[in-house]
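Spelled out from the first residue to the last, the chains are:
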Amino acid sequence: LYVCKISWKAETLEWEARVMKRLRHPLFPEYADFWREGRLGFLLREYVPGESLEEMLERRRFSARQTICVGRMLAEGLQFLHRLPEPLLFRDIKPANVIIRQDGRAALVDLGCVCEMRGKSDSRAGSPGFAAPEQFNGDGRLTAACDVYGLGQTLKAMMEPKSHGLGRTCESEKPWMGPEKRRKKERQSRKEKKLKKGLRFMLEACTKEEAACRIQNMESVLQAFPEFDKKQ
């Protein structure tokens, strides 16, 4: 299955098509075709089945473990982008652009803001609240730290969605459990709290306002993720 993106900005869409042609990584949808009809541009790409993080955050929150798993997938794909022979920046990492497939794997869609990392960028692109401050200044060289910021803000949103308690169970409605199951639940809760604390600390380092003060690249991000026992 494929989806077709149509735009009056045919030149911009053609750039996105050229970028997609270069990407061979499971995080990004596969390129299929591009053509023009008059002033319109058409970009055909792989359809990614699943649900966007933005939609999911309207009704639920994510555990620290789930957030780390998604974060690692995103960071590995962004690292691939940054390590291309001609490195690229994504510049628009946000929940709306992250698709969670039915098998739990993440995908990053909409490469319309991608730019070359080398040299000075005068263009202002990205989404307020998720794009790094320097992306809107237009007066300096953009680095991998831009995408570190966007990734950090996206993972923060997974931890603190605007659900206002939607879907939570009242204490009186919780099912009864025996002493052994209760102790196991309490151990898991303590481990989750410890993991969440470490993750929050790491995400704060990803989202510093000053680019020079935050984690600088995806390799360092991957090393900074808290570890946990996947068997538990």
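Draft legend 1. Representation of helix α5 (residues 145-159) within the structure. With 15 residues, α5 should cover 21 Å at 1.5 Å per step; its first-to-last C-alpha distance of 21 Å lies within 8% of that length. Here α5 lies mainly inside the structure; 14 of its 15 residues are buried.

Draft legend 2. Structural view of the environment of E14. Among the secondary structure elements, E14 is positioned in helix α1 (residues 10-22). E14 sits in the partly exposed class, given a relative accessible area of 27%. Between the alpha carbons of E14 and W35 there is a distance of 8.2 Å; along the sequence they are 21 residues apart. Ignoring any residue separated from it by four or fewer positions in sequence, one finds E14 in contact with F34 and R36.

Draft legend 3. Looking closely at the nonpolar core. Residues L74, L81, F90, L108, L199, V221 and F225 are the most contacted members of the largest nonpolar core, which totals 46 residues. Within the residue set of this core, elements represented by two or more residues are α1, α2 (53-56), α3 (64-82), β6 (98-100), β7 (106-108), α5, α6 (179-206) and α7 (218-224). At seven residues, the largest contribution of residues to this core is made by α3. Every residue in contact with L199, bar those within four places of it in the chain, is listed here: A64, T67, I68, M159, F225 and P226. Of all hydrophobic cores here, the second largest spans eight residues; its members include L89, A132, L142 and A144.

Draft legend 4. Region of the structure containing the pairing of strand β3 (residues 40-46). Relative to β3, strand β1 (residues 2-7) runs antiparallel, the two being bridged by six bridges. Paired with K5 across the bridge in β3 is L43. Of the pairings in the sheet, the one linking strand β2 (residues 31-37) to β3 comprises six bridges and is antiparallel in character. Each residue of the ladder has a partner; that of W35, found in β3, is F42. Counted along the chain from β2 to the antiparallel partner β3, the turn is two residues long, and its residue G38 has a positive phi close to 65°.

Draft legend 5. How the structure looks around the sheet that holds β1. Across the sheet, three strands lie side by side as β1-β3-β2; this open sheet has antiparallel pairing. This sheet does not close on itself; its edge strands, each paired only once, are β1 and β2. When the angles between neighbouring strand axes are averaged without regard to direction, this sheet yields 15°. In the packing of α1 onto the sheet, the strands contacted are β1, β2 and β3, and the crossing angle to β2 comes to about 160°.

Draft legend 6. Main features of the environment of A131. Here A131 lies in the loop between β9 (120-121) and α4 (134-137). Separated by 40 residues in the primary sequence, A131 and R91 place their C-alpha atoms 6.6 Å from one another.

Draft legend 7. Highlighting the pattern of salt bridges. This structure, assessed with the given rule, holds twelve salt bridges. Among the ionic pairs, E134 bridges to R214, the shortest N-O distance being 2.8 Å. Taken together, the residues span a long stretch of sequence, with E134 in helix α4 and R214 in the loop between α6 and α7 at a distance of 80 residues. The exposure class assigned to E134 is buried, which follows from its relative accessible area of 16%. Of the charged contacts in the structure, one is a salt bridge between K156 and E204, with a shortest N-O distance of 3.0 Å. Here K156, found in helix α5, pairs with E204, found in helix α6; they are 48 residues apart in sequence, far enough to count as distant. On the basis of relative accessibility, which here comes to 22%, the residue K156 falls in the partly exposed class. Among the residues examined, E204 registers a relative accessible area of 42% and is labelled partly exposed. By sharing partners, the salt bridges in this structure join K5, E16 and D110 into a single network.

Draft legend 8. Examining the packing of α3 against α5 more closely. Contact geometry of α3 with α5 gives a least axis separation of 10 Å together with a crossing angle of 160°. With respect to each other, α3 and α5 are oriented roughly antiparallel. Considering only the axes of α3 and α5, their crossing is right-handed. Residues A64, Q66, T67, V70, G71, L74, A75, L78 and H82 of α3 form the contact with α5, whose participating residues are D147, L151, L155, M158 and M159. Looking at the contact of α3 with α5, its residues break down into nine nonpolar, four polar and one charged.

Here is what the cut-offs are and how they apply
Residues numbered from 1 in each chain as written. Predicted model: local features only at pLDDT ≥ 70, side-chain atom pairs only at ≥ 80, totals over all residues. Heavy atoms only, no water. Helix = DSSP H or I, 4+ residues; strand = E, 2+ residues; numbered from the N terminus. Expected span 1.5 Å × (residues − 1). Buried < 20%, exposed > 50% of the residue type's maximum accessible area, 1.4 Å probe, protein only. Contact = heavy atoms within 4.5 Å. Core = buried A, V, L, I, M, F, W, Y, C linked by side-chain atoms within 4.5 Å. Pairing = 2+ DSSP bridges. Axes fitted to C-alpha atoms, helices over the stretch in contact; angles between N-to-C directions. Salt bridge = Lys/Arg side-chain N within 4 Å of Asp/Glu carboxyl O. Parallel < 35°, antiparallel > 145°, perpendicular 65-115°, else oblique. Left-handed = near helix turned anticlockwise from the far one by under 90°. Nonpolar A, V, L, I, M, F, W, Y, C, P; charged D, E, K, R; others polar.

Worth remembering: the numbers are spatial, not functional.
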